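Remarks on the overall topology
Here is how the chains run, residue by residue.
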Amino acid sequence: MDILAVLLKIGHVLAAFALIGGLTGRWILLTRAARATDPETAHLLATTAGPFERMVQQSGAAIVVLGLVTAWAQGYPWLGLTTPWMLFSVLLILPMAALVPLVFIPRGKVFEAALEGARAAGSITPELSRAWADPAVALARRYEIVAVFAVVILMIAKPGG
């Protein structure tokens, strides 16, 4: 394997670490924010989760691009998409990108309005409680975790190639 392929693979693995770190950091902070008993603490924790959210968004895209380019640099045909585990990994990760405009941005706006309303009221409001418990967001976050876990298993086991 030449040096370019090695460097690309290192970048791909580092992007995966960033994705897992971002998911973990965001999960910890948002879980604590949802359990907060006052809106200012919830706001502080939710705001602190922001950089982790950006890590998730940026590293997810980087993983796909670096993975495909790494496969090309290693000589896989069709950027590795003819290799079952690579194709399945891409198919698991790509929906995560769709979750941003379809779930996270619109539901995030609802959440932000509810959080601001709770801050203005000085207490956790029913609207904020509903926003924290949004089933679409919960399902999307679970999908992210399951998909990343499955891709890590595929990368290690490399079934079918």
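Just above, that's the structure.
So, here is what we can say about the structure in this document. (Residues numbered from 1 in each chain as written. Predicted model: local features only at pLDDT ≥ 70, side-chain atom pairs only at ≥ 80, totals over all residues. Heavy atoms only, no water.)

**Thoughts on the side chain of E53**
Here is the rule: Secondary structure counts use DSSP, requiring at least four H or I residues in a row for a helix and at least two E residues in a row for a strand, with both numbered from the N terminus. Whether two residues are in contact is decided by their heavy atoms: any pair within 4.5 Å suffices.
Residue placement: E53 occurs in helix α3 (residues 50-73). Look past the residues within four positions of E53 in its chain and what remains in contact with it is R26 and R141.

**Digging into the pattern of salt bridges**
Basically, it comes down to this: By definition here, a salt bridge exists when the distance from a side-chain nitrogen of Lys or Arg to a carboxyl oxygen of Asp or Glu is within 4 Å. Exposure classes here rest on a 1.4 Å probe applied to the protein chains alone. A residue is buried below 20% of its type maximum, exposed above 50%, and partly exposed in between.
Counted according to the given criterion, the structure contains 7 salt bridges. For R119, the salt bridge goes to E40, with nearest N and O atoms at 3.0 Å. Linking R119 in helix α4 (residues 84-121) with E40 in helix α2 (residues 39-48), this pair joins segments that are 79 residues apart in sequence. Looking at R119, the relative accessible area reads 26%, which means it is partly exposed.

**Things to note about the packing of α2 against α3**
Cut-off, in case you're wondering: Between the N-to-C directions of two axes lies an angle of 0 to 180 degrees, each axis being a line fitted to C-alpha atoms and, for a helix, fitted only over the stretch in contact. By the definition adopted for this analysis, an angle is roughly parallel if under 35 degrees, roughly antiparallel if over 145, roughly perpendicular if from 65 to 115, and oblique otherwise.
Two elements in contact, α2 and α3, have axes separated by 4 Å at closest approach and are oriented at 30°. Classified by the angle between their axes, α2 and α3 sit roughly parallel to one another. Of the residues in α3, those touching α2 at A46, T47 and T48 are G50, P51 and F52.

**Focus on empty space enclosed by the protein**
Going by this rule: Here a cavity is any set of points on a 1 Å grid over the protein atoms alone where a 1.4 Å probe fits but cannot get out, and a pocket is any open set with protein on both sides within 12 Å along at least 5 of 7 lines; a residue lines the site when it has an atom within 4 Å of a point. Grid points are joined across faces, edges and corners, and a volume is the space filled by probe spheres set on the points. Side-chain classes are defined by residue name, with Ala, Val, Leu, Ile, Met, Phe, Trp, Tyr, Cys and Pro counting as nonpolar, Asp, Glu, Lys and Arg as charged, and the others, Gly among them, as polar.
All chains considered together, the criterion is met by 1 cavity of 30 Å³ or more. Estimated volume of the largest cavity: approximately 70 Å³. Across the lining of the largest cavity, the residue classes break down as 9 nonpolar, no polar and no charged.

**Concerning α3**
Note: α-helices contain 3.6 residues per turn, so residues at a spacing of three or four share the same orientation. Stated precisely, the cut-off is as follows: Here the expected length of a helix is defined as 1.5 Å per residue gap, with one fewer gap than residues.
When the terminal C-alpha atoms of α3 are compared, their 34 Å separation across 24 residues agrees well with the 34 Å that a helix rising 1.5 Å per residue should span. G50, E53, V56, S59, G60, I63, V64, T70 and A71 are the residues of α3 that are buried. Summarising the contacts, the buried residues of α3 are in contact with α1 (3-35), α2, α4 and α6 (135-157). Directly after α3, the chain includes G75, whose backbone phi takes a positive value near 90°.

**What about the nonpolar core?**
Keep this limit in mind: For this analysis, a nonpolar core means a set of buried residues of the types Ala, Val, Leu, Ile, Met, Phe, Trp, Tyr and Cys, connected via side-chain atoms within 4.5 Å.
Ranked by size, the top nonpolar core spans 17 residues in total, and within it L19, L23, I63, L92, I93, M96 and V148 carry the most contacts. Secondary structure elements with two or more residues in this core: α1, α3, α4 and α6. Broken down by element, this core gets its largest block of residues, 5 residues, from α4. In contact with L92, other than residues within four places in its own chain, are Y143, A147, A150, V151 and L154.

**A look at the packing of α1 against α6**
For the record, the criterion: In this scheme the crossing of two helices becomes right-handed for a clockwise turn of the near helix relative to the far one and left-handed for an anticlockwise turn of less than a right angle.
At a minimum axis distance of 12 Å, the contact between α1 and α6 shows a crossing angle of 150°. Overall, the two elements α1 and α6 adopt an arrangement that is roughly antiparallel. Pair α1 / α6 crosses with left-handed handedness. Residues H12, L19, I20, L23, R26 and L30 of α1 form the contact with α6, whose own contacting residues are R141, E144, I145, V148, V152 and M155.

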